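Coordinates in review
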Amino acid sequence: MTNDLKESFSADSPPAPAALAAKVRTLAPSMTRSMQRVAEAVAGDPAGCAALTVTGLAELTGTSEATVVRTARLLGYPGYRDLRLALAGLAAHQQSGRAPAVTADIAVDDPIADVVAKLAYDEQQTLADTAAGLDTVQLGAAVAAAATARRIDIYGVGASSLVGQDLAQKLARIGLIAHANMDPHLAVTNAVQLRSGDVAIAITHSGSTGDVIEPLRVAFDRGATTIAITGRPDGPVTQYADHVLTTSTARESELRPAAMSSRTSQLLVVDCLFIGVAQRTYETAAPALAASYEALAHRHNPRTR
């Protein structure tokens, strides 16, 4: 993990207890295995861990006291004492009944009502985690670049390509030139045509999708401003990204792998990016959006044909 990444998740004051689980999910892939055990323990059983001393938590997780302290600091707390206070607050929050006692572990024989409840809670948590971890400074810089871009190219494959298409059609409706490239070969071919003043956006949950990284690399080399929307802020895609927008992911299950569950958080980031661009270009965006609504209304009204 880079120092910049650590700093982006560290604050002058400890994070609120409710943000702890989001931080664990976002930072865990970049932690050592021993630190992951500590992080998973405190997120999984905040009440139980809040009652433990630093020695007790080290013994529970099979790690050392130094590892526990390092994990607490990486999560944004000055020391283990501050982490314990946050855990106690999180436990109290959960016990108050404000946090539903459901998980995303959908079983093959779950009643459909349970499936609805689990998915609804999981989607809500994913959105909250993404909002808590989204770097608004990076978002603002991405918005500024996209709002003044001559052209915007968007790269994604699989479920991420659907998110890319969503962003492209939103931007097109406010008068911007935006293309979602689903064909990897075409994406690279188009990326070669980019230059300074253009924007390239890569969407990849894993941060390591080669068919997404390659066109972003080409765009980066050609001088375009590059943006990565990814669930792994330390992934290979960020090597070629001027701005990184981090997403969270719902817990995976056998019936709902990461490639599917990541779509919710990606759509939130895309909507934030779009609204920011629309705000900055309001004088031209508002008339363009109104015109698109009028055109669609005309098309679907038989009396106007």
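Please read these numbers as outputs of a predicted model, since none were measured by experiment. Throughout this document, residue positions are counted from 1 along each chain, in the order its sequence is written. Restriction of local features to residues with pLDDT of at least 70 applies here, the model being predicted, together with a cutoff of 80 or more for giving and counting side-chain atom pairs; totals for whole chains, interfaces and linings are based on all residues. No hydrogens and no water enter the side-chain calculation; it runs on all heavy atoms of the structure.

Next up on the list: the overall build of the protein. Only DSSP runs of H or I reaching four residues or more are called helices, and only runs of E reaching two or more are called strands; each is numbered from the N terminus. Regarding its fold elements, the protein presents 14 helices and 5 strands. Burial here depends on accessible area, computed with a 1.4 Å probe over protein chains only, as a share of the maximum for the residue type. Under 20% is buried, over 50% is exposed, and the range in between is partly exposed. A burial count over the protein gives 45% of its 305 residues as buried. Considering only contacts in the protein between residues 6 or more positions apart, those separated by 24 or more positions represent 70%. Of the accessible surface of the protein, which amounts to about 15000 Å², a share of 55% is contributed by carbon and sulfur atoms. Only heavy atoms enter the contact rule, under which two residues are in contact if any of them lie within 4.5 Å. In this description, accessible areas are obtained by the Shrake-Rupley approach with a 1.4 Å probe, and a residue is regarded as covered only by the protein chains that are shown.

The subject of this paragraph is the nonpolar core. Only buried residues count toward a nonpolar core, which is a set of Ala, Val, Leu, Ile, Met, Phe, Trp, Tyr and Cys residues joined through side-chain atoms within 4.5 Å. Membership of the largest hydrophobic core comes to 30 residues, with the highest contact counts inside it found for Ile152, Leu167, Leu171, Ile174, Ile201, Leu245 and Val277. Elements with a minimum of two residues in this core: helix 9 (136-147), strand 1 (152-155), helix 10 (159-173), strand 3 (199-204), strand 4 (225-230) and helix 13 (258-280). Sequence-distant contacts of Val277, that is, excluding residues within four places in its chain, are made with Val143, Ala146, Ala147, Leu171, Ile174 and Leu176. Ranked by size, the runner-up nonpolar core spans 23 residues in total, among them Leu20, Val38, Ala50 and Tyr77.

On to the environment of Leu87, then. On the secondary structure map, Leu87 appears in helix 7 (residues 80-95). Given the relative accessible area of 0%, Leu87 is considered buried. For the pair formed by Leu87 and Leu20, sequence separation is 67 residues and the distance between their alpha carbons is 8.3 Å. Not counting the four nearest positions on each side in its chain, Leu87 is found in contact with Leu20, Val42, Pro46, Cys49 and Ala50.

Attention now moves to the sheet that holds strand 4. Two strands make a pair as long as DSSP finds a minimum of two bridges between them. Spatially, 2-1-3-4-5 is the arrangement adopted by the 5 strands of the open sheet, whose pairing is parallel. If you trace the sheet from one side to the other, it starts and ends with strand 2 (178-181) and strand 5 (243-246), each paired once. Averaged over all pairs of adjacent strands, the angle between their axes in this sheet comes to 15 degrees, without regard to strand direction. Looking at chain direction, strand 4 and strand 5 are connected through 4 bridges and run parallel. Its bridge partner being in strand 5, Ala228 is matched across the sheet by Val244. To define axes, lines are fitted to C-alpha atoms, for helices over the stretch in contact only, and angles between the resulting N-to-C directions are given on a 0 to 180 degree scale. Across the face of the sheet, helix 11 (residues 184-191) comes into contact with strand 1 and strand 2 while running at roughly 150 degrees to strand 1.

All right, on to the packing of helix 3 (residues 33-44) against helix 6 (residues 65-74) then. Orientation of helix 3 relative to helix 6, taken along the N-to-C sense of each, is 70 degrees, at an axis distance of 9 Å. Judged by the inter-axis angle, helix 3 sits roughly perpendicular to helix 6. Residues Ser34, Met35, Val38 and Ala39 of helix 3 form the contact with helix 6, whose own contacting residues are Thr67, Val68, Arg70, Thr71 and Leu74. The nonpolar class holds Ala, Val, Leu, Ile, Met, Phe, Trp, Tyr, Cys and Pro. Asp, Glu, Lys and Arg form the charged class, and all remaining residues, Gly among them, are polar. Among the residues forming the contact of helix 3 with helix 6, the class breakdown is 5 nonpolar, 3 polar and 1 charged. Note on terminology: angles under 35 degrees are roughly parallel, angles over 145 are roughly antiparallel, angles of 65 to 115 are roughly perpendicular, and the others are oblique.

This part is about the confidence of the model for the protein. Residue-level confidence of the predictor is summarised by pLDDT, bounded by 0 at the bottom and 100 at the top. Per-chain confidence: the protein averages 84 in pLDDT, with 82% of residues scoring 70 or above. Of all secondary-structure elements in the protein, the lowest mean pLDDT belongs to helix 1 (residues 3-9), at 41, while strand 1 reaches the highest, 98. Scored below 50 in pLDDT, residues 1-12 shows 17 contacts in the model against residues more than four places distant or in partner chains. Scored below 50 in pLDDT, residues 99-103 makes 8 contacts in the model with residues more than four places away or belonging to other chains.

Where charged atoms from two side chains of opposite charge approach closely, those side chains can pair. Should a side-chain nitrogen of Lys or Arg be within 4 Å of a carboxyl oxygen of Asp or Glu, the pair is scored as a salt bridge. Scanning the entire structure with this criterion turns up 6 salt bridges. Residue Arg151 is joined to Asp153 by a salt bridge in which the shortest nitrogen-to-oxygen separation is 3.0 Å. As far as burial versus exposure is concerned, Arg151 and Asp153 are alike and both buried. A salt bridge links Glu214 to Arg217, with the shortest nitrogen-to-oxygen separation between them at 2.7 Å. In this pair, Glu214 and Arg217 are both assigned in helix 12 (residues 210-221), 3 residues apart and thus about one turn of the helix distant. Under the relative-accessibility criterion, Glu214 is labelled partly exposed at 32%. According to the relative accessible area criterion, Arg217 is partly exposed, its value standing at 26%.

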